[in-house]
Each structure stands twice: as structure tokens, then as C-alpha cells.
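# Coordinate analysis (summary)
For reference, the chains in residue letters:
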Amino acid sequence: MTVKTSERFLSLDVFRGLTIALMILVNTPGTGADLYPYLVHAQWFGFTLADLVFPSFLFAVGNAMSFSMRKFQEAAPADFWKKVLKRTAIIFLLGFLMYWFPFFRMNEGHLELSPFSETRIMGVLQRIALCYFFGAVLVRYFSVKTIGFICAAILLAYWGILYGFGEPGHELEMATNAAAKFDYAILGEGHIYKKDAIPFDPEGILSTLPSIVNVLAGYLAGVFIRRKGKSYETIAKLMLAGFLVFALAEWWALIFPLSKKLWTSPFAMLTIGLNLSMLAALIFAVELKNIKFGTNFFNVFGKNPLVIYLFSELFYITLRLIPVTANQDAFEWVSEAIFQRIFPGSFGALMTAIVFMLVCWLLGYWMDKKKIYVKI
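Residues numbered from 1 in each chain as written. Predicted model: local features only at pLDDT ≥ 70, side-chain atom pairs only at ≥ 80, totals over all residues. Heavy atoms only, no water.

An unreviewed UniProt entry annotates the protein as Membrane protein originating from Zunongwangia profunda.

Put into C-alpha cells, the structure is as follows:
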């Protein structure tokens, strides 16, 4: 039976806001001490809490799509393509400009434009843009059942691509996997992320393929929630689905390891399984038990996620550009001269990230109070 309801699911907004809060926390650890291991991405193989954040945001994108795409499914093709292409282009461009920022650099005492040839092309927002585009197109032209088959086909195809086109015997190593080779061929080394052990883009072109499944899974979960409504049946089935997907991912990972940077197929499935369970828990707590503690806090992030994320990245980059002492920029000085003295070690690094996240929350809170909501 389909339950018709126009009531908004607060739990979905809280899920999106929680994801943004964790994303900022993971991206801005304090300096002067190592952050807790579970808040740091796995080096290559493995899985940590930090690795769950980006897939969860993609899942949230798909979840929101299950509500917003209804009007586009009946819209004229021209209107649909105009909206989707415009949104994709804007999000992609914002991501590219964020990595190019501050656009200028000092070279032997002279200010010059940062060369385009050394600017990273792919990235977090760029991946979101591409996943949104392909997700929207598939949702527009295929049924829910067909989308499920497409998800399975994508994950299996990516498995085959990595083992079929990587260097024999070294198919999943950072320098010799098919995703890295593809990115080098298409983008060139100058446009690839360079802050890892070697130039390698964790949000590259080919590895975007399985991440589309995270968006589609979020969409399928949203469709199910809309149809079933806020009920114990909804929660039970989401929990069961989450457990089954998680278990299958763990089994698959025995022969195809978990890797966030490579976004292996078991990694996509593992994060989807966890997201389904998280969403079920939130629906139970927020919608059925009416627990509102903390919901307003995370809802602030969820109302302007793109603006708050962009602000967090640009603010962080700006602080790292401001020299305070001979060996410290503004962010390092705050982290080491203040937080490390009060909270030595990993806890101080975490407190730096928490305070930074709260500063970003204040921007969202101000925008919410002023009824400013930026939608693309």
C-alpha cells in the first residue's frame, strides 16, 4: 500500500546536515597533533568513519532527488535538460574555482595568476555535479526496478574495468590501477590531486562511476520512504536492506578490497548499507519518537549545505594563507598556540575542528534567521 503524504521528513534534513557537519570536521583537523584515527581517511585499503562522510552526502543528494525530481519527470524534455545541465555546470564550476582559489600566487616577489595548467579539475563538488547529472538522467528515463539493475551493472562493470585494465598483478595499487591510468591520460598530471603519496585523484573521472550508485541508492530509499510513509514497517525494511547490503559488501570485500580513494564496488555497497541503517534510525527517533534534541542544529547545515561547505573550504584556505609567525599560518597558530595548550594531543586537534565547524554553523544560523536559502 502506498501512503500519500506531503509532510516533509525532518529526519532527511537532519541526515544531510549531519553529513555536512562531519565533512567539515574531517576536512579541518587541527595541527600540532594527529587527529583520532577514525576521523582520518584510510591510507588506501580499509574503512574509517571519515570514509563514510562523502558517500553519505551523495546518498543524501539522491534522497532529495526522490522528492525534487517528481516535477521533472512530467516536465517537457527541454525544461528537464535545461535545469539539470545548468545545475551540473554551476556545481562543477564552483568546485573548480574553489581549487583555483585564491587565483594568484607570489613568484620571486611578483604577484602572478595561478596557472590553469596546475589547477585540479576534479574534486568533491565536481563529483557531486557529475553524480547528480547521471542520477537525474537515469531517474528521468528509467523505472525504479531498472535503476536497481543499473546499479548492479555499474558495480560489476567497475570491478571488471579495474582488474581488466590495471597493470597485471598490481591492479589495485595507487600508481598502476585503471582509474589512475585513465585520469592521467585524460587530465594529465598537472590537473590531478598532488597531496597524496603520489599524484592521484581520489575524486577522479573513472572512480566517479561507482559513486553514482550511492546517489541512485539514496533515490531508491527516498522513493520507498515516500511510498510507505513514517511507519515501523518502513524502519524495519530499511534496516533489513541495510544489513543485507552491508553483509554482501563485507563478503565481496574478501576478494575486492574496500578503498574509499579508489571507490571500489564493495566500498560503495558498504556505505549504502550503513546509510540505510542510519536513515532508519533517524526516522525512528525523529519522526516516530518525536525526539527533537539536536535536530535544529543539524537542520541549519541541511538548509544551506552548498554555501556552508564552500565557505568552510574557502575560509580554511584563507586562514592557511595568512602568516602569523615565521613557521605558522593563522590556522596553525590558533590550533597550536591555543587549543594544543588547553587540550594537548588528539583531543586538541579535534577541538580545533569542532570550533571551526561551529563557526561555519553560525553562518548557516544567520542565513536561516534571515530566511536566506541558496538553491541552484
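Per the secondary structure count, the protein includes 14 helices and two strands. Over its C-alpha atoms the protein spans a radius of gyration of 21 Å, differing by no more than 12% from the 21 Å that the globule rule assigns to 376 residues. Principal-axis analysis of the C-alpha atoms places the extent of the protein at approximately 70 × 55 × 45 Å. Relative to its 376 residues, the protein shows a buried fraction of 49%. A sequence separation of at least 24 residues applies to 74% of the contacts in the protein between residues at least 6 apart. With the model as given, the accessible surface of the protein reaches about 17900 Å², and the carbon-plus-sulfur share is 68%. Taking the 33 positively charged and 25 negatively charged side chains of the protein as two groups, their mean positions are separated by 15 Å. (Helix = DSSP H or I, 4+ residues; strand = E, 2+ residues; numbered from the N terminus. Rg over C-alpha atoms; globule rule 2.2 N^0.38 Å. Buried < 20%, exposed > 50% of the residue type's maximum accessible area, 1.4 Å probe, protein only. Contact = heavy atoms within 4.5 Å. Areas by Shrake-Rupley, 256 points an atom, 1.4 Å probe, with all protein chains shown as cover. Lys, Arg positive; Asp, Glu negative; His and termini not counted. Charge placed at Lys NZ, Arg CZ, Asp CG, Glu CD.)

The next point concerns helix α14 (residues 346-369). The terminal C-alpha atoms of α14 lie 34 Å apart, and with 24 residues this matches the ideal 34 Å at 1.5 Å per residue to within 8%. The positive-phi residue at the C-terminal boundary of α14 is Lys 371, with phi of around 60°. (Expected span 1.5 Å × (residues − 1).)

To continue, consider the domain arrangement of the protein. When its domains are assigned, the protein resolves into domain 1 (1-40 + 291-375) and domain 2 (76-277). A separation of 22 Å is found between the C-alpha centroids of domain 1 and domain 2. In this assembly, 17 residues from domain 1 lie in contact with 13 residues from domain 2. Both sides together, the interface formed by domain 1 and domain 2 hides about 1400 Å², and carbon and sulfur atoms give 75% of it. Considering only the surface of domain 1 that becomes buried against domain 2, Phe 9, Tyr 309 and Leu 310 emerge as the three largest contributors, covering 31% of it. (Domains from an automatic or database assignment. Buried area = accessible area lost by both parts, 1.4 Å probe.)

Another point: unusual backbone geometry. Note that the residue after Phe 101, namely Pro 102, is joined by a cis bond; omega there is 10°. Of note, Pro 102 is situated in the loop between α4 (77-100) and β1 (104-107). If you check the backbone angles, Asn 290 has positive phi at about 60° while not being a glycine. Structurally, the position occupied by Asn 290 is in the loop between α10 (265-288) and α11 (295-303).

Opposite charge on two side chains allows them to pair when their charged atoms are near. Throughout the structure, instances matching the rule amount to 10 salt bridges. Salt-bridge contacts for Arg 16 lead to Asp 13; the nearest nitrogen and oxygen are separated by 2.9 Å. Within this pair, Arg 16 and its partner Asp 13 are both found in helix α1 (residues 10-27), separated by three residues, close to a single helical turn. Residue Arg 16 shares its accessibility class with Asp 13, and that shared class is buried. With its nearest N and O atoms 2.7 Å apart, the salt bridge here joins Asp 201 to Arg 120. Taken together, the residues span a long stretch of sequence, with Asp 201 in the loop between α7 (178-187) and α8 (208-228) and Arg 120 in the loop between β2 (110-113) and α5 (124-141) at a distance of 81 residues. There is no split in this pair, since Asp 201 and Arg 120 are both buried. One network of salt bridges, in which partners are shared, links Arg 120, Asp 201, Glu 203 and Lys 260. (Salt bridge = Lys/Arg side-chain N within 4 Å of Asp/Glu carboxyl O.)

Turning to the nonpolar core, a few remarks are in order. Ranked by internal contacts, the top residues of the largest apolar core, which has 97 residues, are Ile 24, Met 65, Ile 128, Leu 162, Leu 262 and Phe 301. Of the residues that make up this core, three or more belong to each of domain 1 (1-40 + 291-375) and domain 2 (76-277). Sequence-distant contacts of Met 65, defined by excluding residues within four places in its chain, comprise Tyr 132, Gly 135, Ala 136, Val 139, Val 215 and Tyr 219. Counting six residues, the second largest nonpolar core, distinct from the first, contains Trp 100, Ile 121, Leu 187 and Ile 192. (Core = buried A, V, L, I, M, F, W, Y, C linked by side-chain atoms within 4.5 Å.)

All right, on to the packing of aromatic side chains then. Applying the stated criterion across every chain, the model contains 28 aromatic pairs. Between Trp 44 and Phe 45, the aromatic rings sit 6.2 Å apart at their centres with planes inclined by 55°, giving tilted as the arrangement. Here Trp 44 falls in the buried class, since its relative accessible area comes to 12%. Note on Phe 45: relative accessible area 40%, which makes it partly exposed. Relative to Phe 133, the ring of Trp 81 has its centre 6.1 Å away and its plane inclined at 55°; by these criteria the two rings are tilted. Linking Trp 81 in helix α4 with Phe 133 in helix α5, this pair joins segments that are 52 residues apart in sequence. Given the relative accessible area of 17%, Phe 133 is considered buried. Each residue in the set Phe 80, Trp 81, Phe 133, Phe 134 and Tyr 141 is aromatic and connected to the rest through ring pairs, giving one cluster. (Phe/Tyr/Trp six-rings, centres within 6.5 Å; stacked < 30°, edge-to-face > 60°.)

What follows covers the state of the cysteines. The final tally for this structure, using the stated rule, is zero disulfides. Cys 151 forms no disulfide, and the closest cysteine sulfur to it belongs to Cys 131, at a distance of 11 Å. A relative accessible area of 8% places Cys 151 in the buried class. (Disulfide = S-S within 2.5 Å.)

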